[in-house]
Amino acid sequence: MPLLGEIKRRRVVQVGAVYAVVAWLLVQIAVSIEEPLGLPDWMDTFVIVLVIIGFPLALVLSWVFDLTTAGIVRTAVVSDEGDAAASKEAVTNSAAAARKILPNSVAVLPLENLSPNADDAYFAAGIHEEILNYLAKIRDLNVIARTSVRQYAGTHKSVSQIAQELGVETVLEGSVRYAGNRVRIAAQLIEASTENHLWSEIYERDLADVFAIQADVARNLAEALEAKLSDADERSLGSLPTTRSSEAHSLYLESQALIAQSDLLFVSSPASIRASVQSKLSRAIELDPQFAHPYALKALLSAISRIYDPVPKAYWLAHAAESDESVRINAEKALSLNPDLRATYLALALNHQFNWRGQQAQEAYEQSLEHGPSDASILHWFSGFKWLARDYDRALELARRATALDPQNILSQTFLGLILHSSGDHRASVDTFAKAIALHPGSPHLHLHSALPEVALGNEARAAESLKIADELMPEAAAPAIHIHVAYGYARLGRREEAVKCVAKARRIIGDLFADPAVWAWASLAEGDQAAALDWLRSTVDKPELRQEVFVRGFVKENAWHDPVFEQPEFSALRNRMDLTGLDG
């Protein structure tokens, strides 16, 4: 980060200004009380010398340390990964000390890969993902999500330290060895408070038995944690997927590993990797057309591609139709082969949501949650849907559960902060973003969205500082809508020059690609063109076939930035006509 930006991020200027004001007051007080109290003549000089000596010390302390909701911590150097990681660890340890331990909880650490062929590393990652999927089916268990445990791959931290940081009672460690058609999986469940082994097992079987191994691990963990298995849990664990093709199975596990490692279900993931995974899944289906799991993943990736894959303007309608058809065909096939796969229901929920079919989306979300009550990804997306539907109580319930199961996930923390802001609890929103930024100081998205509650609280200087940091951290390859969001934030705070620069950058990135009219409405306001913004908002309302960016529309309808322009009669009327979920009318 440039030096000026780093000085601003560490609040050195603010500390210096506050120190100067306080120092001036102290000197004035010393001068005024010297004669009435009979103090020696040198007392005011002594105070001035102390103030001068203290000034550089205050600046140094403001550079090195930061005051967060987790306490006083060393400030992260976001341009130095090693120092940032050390700072993040300090914040994590501080926050973990106050974190509530979840009952019947387990963190499954990434499995060590012991396969002789280095190219088979995906196999261990895929098995890890599948074990998490099985455990998430059990409603009486609290299972920490993959995005929060993957940082512990190859860690030297103790089990008790990991458990404290994640707020769990137990930790599962294990290894995988894959060679030929044989698999060896070793697993051990460790109690964090005593580091005693509650259960351990070594499985050596044919590849075809891997699904049975995963189900057995889930059962044994539930038994060791005294978690009750409902009839639905038993049916789900007993309904084992099967495939007659070891190659199809390997392709499926490789796809799972790529999805896990690349976060393919979110906006920041590259469309090219999604396409590569789709190709692998199609090949798995060719090898075994009766294997349900690849169909479910294909449907889910198609739903994500519909909203996040960049496409030329001329191709948008065809792209949306093709994505919708892919979701429908693959979801129907997956359900016909195995009705218990929650990825299928999540795919349908997302696709209904993106097509503004609110009631169908609601039902599909509930079904996906029924099949995966501890799946943080489902909780995350469902909370976003309820946020758009303005059901803030349910949205907060889902978001808090998601962050409990995935405490290191930037997007889950972002959703929780945004929902708190939308519900009117701006102070709690500020605190949520502060905690998340302490853990992830290099996240431009957290800094960007943390500006919203600051504006609502009247702290425009802090909001401007957050925007500046977000702008400096934001990679040019980020979604154009994010750049325009920053631009609009600048304009809202009266910083037109910075706003225009951000819009110009976004227009260059977008080129001839399609962007939702709501995004262009923001861009027009950032450039100061209210007439064009109104035209784009009319397109947003009157042309449903062009609706894509559900979350930008959410910010606009809600007037999340508390922008007086959006309260003008024409803008307000259009915002009131915006239907974000299909539940409004």
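Moving on, we come to the side chain of Q548. In this fold, Q548 is placed in the loop between α25 (530-542) and α26 (550-558). Every residue in contact with Q548, bar those within four places of it in the chain, is listed here: R306, I307, W316, F514, A515, D516 and R553.

Before going further, it helps to spend a moment on the pattern of salt bridges. Tallied over the entire structure, the rule returns 26 salt bridges. Across the pair K386 and D391 runs a salt bridge, and its minimum N-O distance is 3.3 Å. Under the relative-accessibility criterion, K386 is labelled buried at 9%. Salt bridges here are not isolated pairs; linked through shared partners, they connect E325, R328 and E332.

This part covers a nonpolar patch on the surface. A cluster of nonpolar side chains, namely L26, I29 and I33, defines an oily patch on the protein surface of about 250 Å² accessible area. Along the chain, the position of L26 falls in helix α2 (residues 12-34).

Attention now moves to the confidence of the model for the protein chain. For the protein chain, mean pLDDT is 85; residues scoring 70 or higher make up 84% of the total. With pLDDT under 50 throughout, residues 67-74 is counted as low confidence; its partners more than four residues away or in other chains account for 19 contacts. Low confidence marks residues 76-88, where pLDDT is under 50. Its contacts with residues over four positions away, or in another chain, come to 25 contacts.

Moving on, we come to the pairing of strand β3 (residues 105-108). What you see with β3 is no split at all: S105 and A107 on one side and V106 and V108 on the other are buried throughout. In the sheet, β3 pairs with strand β5 (residues 142-143) via two bridges, with the strands oriented parallel. Looking at β5, one finds that S105 is bridged to N142. One ladder, built from three bridges, connects β3 with strand β6 (residues 170-179); its direction is parallel. Each bridged residue has a counterpart across the sheet, and for V108 the counterpart in β6 is L172.

Next up on the list: the packing of helix α24 (residues 517-526) against α25. With their axes 8 Å apart at the nearest point, α24 and α25 run at an angle of 170° to one another. Classified by the angle their axes make, α24 and α25 are roughly antiparallel. Contacts between α24 and α25 involve P517, A518, W520, A521, S524 and L525 from the first element and Q530, A532, A533, W536, L537, S539 and T540 from the second. Of the residues in the contact of α24 with α25, the class split is nine nonpolar, four polar and no charged.

Attention shifts here to the side chain of T243. Turning to its location among the elements, T243 is positioned in the loop between α9 (231-238) and α10 (246-262). Assessed through its relative accessible area of 17%, T243 is described here as buried. A polar side-chain atom of T243 sits 3.2 Å from the main-chain amide nitrogen of S245. Here the side chain of T243 touches D288 through a polar contact of 2.7 Å, side chain to side chain. Apart from the residues within four sequence positions on either side, T243 is in contact with A248, H249, D288 and F291.

Procedures and definitions
- Residues numbered from 1 in each chain as written.
- Predicted model: local features only at pLDDT ≥ 70, side-chain atom pairs only at ≥ 80, totals over all residues.
- Heavy atoms only, no water.
- Helix = DSSP H or I, 4+ residues; strand = E, 2+ residues; numbered from the N terminus.
- Contact = heavy atoms within 4.5 Å.
- Salt bridge = Lys/Arg side-chain N within 4 Å of Asp/Glu carboxyl O.
- Buried < 20%, exposed > 50% of the residue type's maximum accessible area, 1.4 Å probe, protein only.
- Patch = residues over 30% accessible without salt bridge, like charges linked within 9 Å, V, L, I, M, F, W, Y side chains within 5 Å.
- Areas by Shrake-Rupley, 256 points an atom, 1.4 Å probe, with all protein chains shown as cover.
- pLDDT = per-residue confidence, 0-100.
- Pairing = 2+ DSSP bridges.
- Axes fitted to C-alpha atoms, helices over the stretch in contact; angles between N-to-C directions.
- Parallel < 35°, antiparallel > 145°, perpendicular 65-115°, else oblique.
- Nonpolar A, V, L, I, M, F, W, Y, C, P; charged D, E, K, R; others polar.
- Polar contact = N/O pair within 3.5 Å; in protein donor to acceptor, adjacent residues only side chain to side chain.

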